[in-house]
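# Structural overview
The chain contents come next:
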Amino acid sequence: MKRILLLATMAFSTAVLGCGENTEPASTATTTTAEPASEATLVALQKADMLDGSEDHVIGKCYVCKLGMDGSDQITAEVHGYTAHLCSESCREHFEASPDEVIASTKIPE
């Protein structure tokens with residue numbers, strides 16, 4: 001129940017506050033999950049990683065914004081061996097709450 005409430009609060013905050021320019025101080029990457037990744041999650045991460053043309057385990061687009069907005073190298077999260085750049089602290093909080101769900105719900109742009 002707490003997780004659902006947290007997700008709903010974060011979704012509302014993102015809708016109200018929006019994504020984009022970060023007004024928070026720079027922050028370091030955090031590890032989001034210790035659970036093993038599914039094959040589908042690893043494939044999605046690899047495809048998102050390749051959006052910039054290089055396979056470097058760094059995803060430069062914000063996953064919470066459906067990979068449509070540039071992420072910041074100062075707002076990151078580590079997930080299954082990849083560094084995901086997010087565009088704002090609220091997006092990072094949303095991503096960290098359930099990274100596998102965010103990854104699974106994101107269609108990778110062609």
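Note that the coordinates shown come from a computational prediction; the quantities given were computed from them, not determined experimentally.

One non-glycine residue with positive phi stands out, namely H57, at about 65°. Residue classification places H57 among the partly exposed positions, given a relative accessible area of 34%. A positive phi angle, near 65°, is found at L67, a position not held by glycine. Relative to the assigned elements, L67 resides in the loop between strand 2 (58-59) and strand 3 (72-79).

What the rule picks out here adds up to two salt bridges. Between D70 and K61 there is a salt bridge whose closest N-O contact spans 2.7 Å. Relative accessible area serves as the criterion here: at 53%, D70 is assigned to the exposed category. Measuring nitrogen to oxygen at the nearest pair gives 2.9 Å for the salt bridge that ties R92 to E89. Within this pair, R92 and its partner E89 are both found in helix 3 (residues 89-97), separated by three residues, close to a single helical turn. Taken as a pair, R92 and E89 share a single burial class, namely buried.

A separate point is the nonpolar core. Ranked by internal contacts, the top residues of the largest apolar core, which has 20 residues, are L45, I59, Y63, V64, L86, F95 and I103. Secondary-structure elements contributing two or more residues to this core are helix 2 (39-49), strand 3, strand 4 (82-86), helix 3 and helix 4 (99-104). Beyond its immediate stretch of four places on either side in the chain, I103 contacts T41, A44, L45, Y63, V79 and F95.

Calculation notes
Residues numbered from 1 in each chain as written. Predicted model: local features only at pLDDT ≥ 70, side-chain atom pairs only at ≥ 80, totals over all residues. Heavy atoms only, no water. Buried < 20%, exposed > 50% of the residue type's maximum accessible area, 1.4 Å probe, protein only. Helix = DSSP H or I, 4+ residues; strand = E, 2+ residues; numbered from the N terminus. Salt bridge = Lys/Arg side-chain N within 4 Å of Asp/Glu carboxyl O. Core = buried A, V, L, I, M, F, W, Y, C linked by side-chain atoms within 4.5 Å. Contact = heavy atoms within 4.5 Å.

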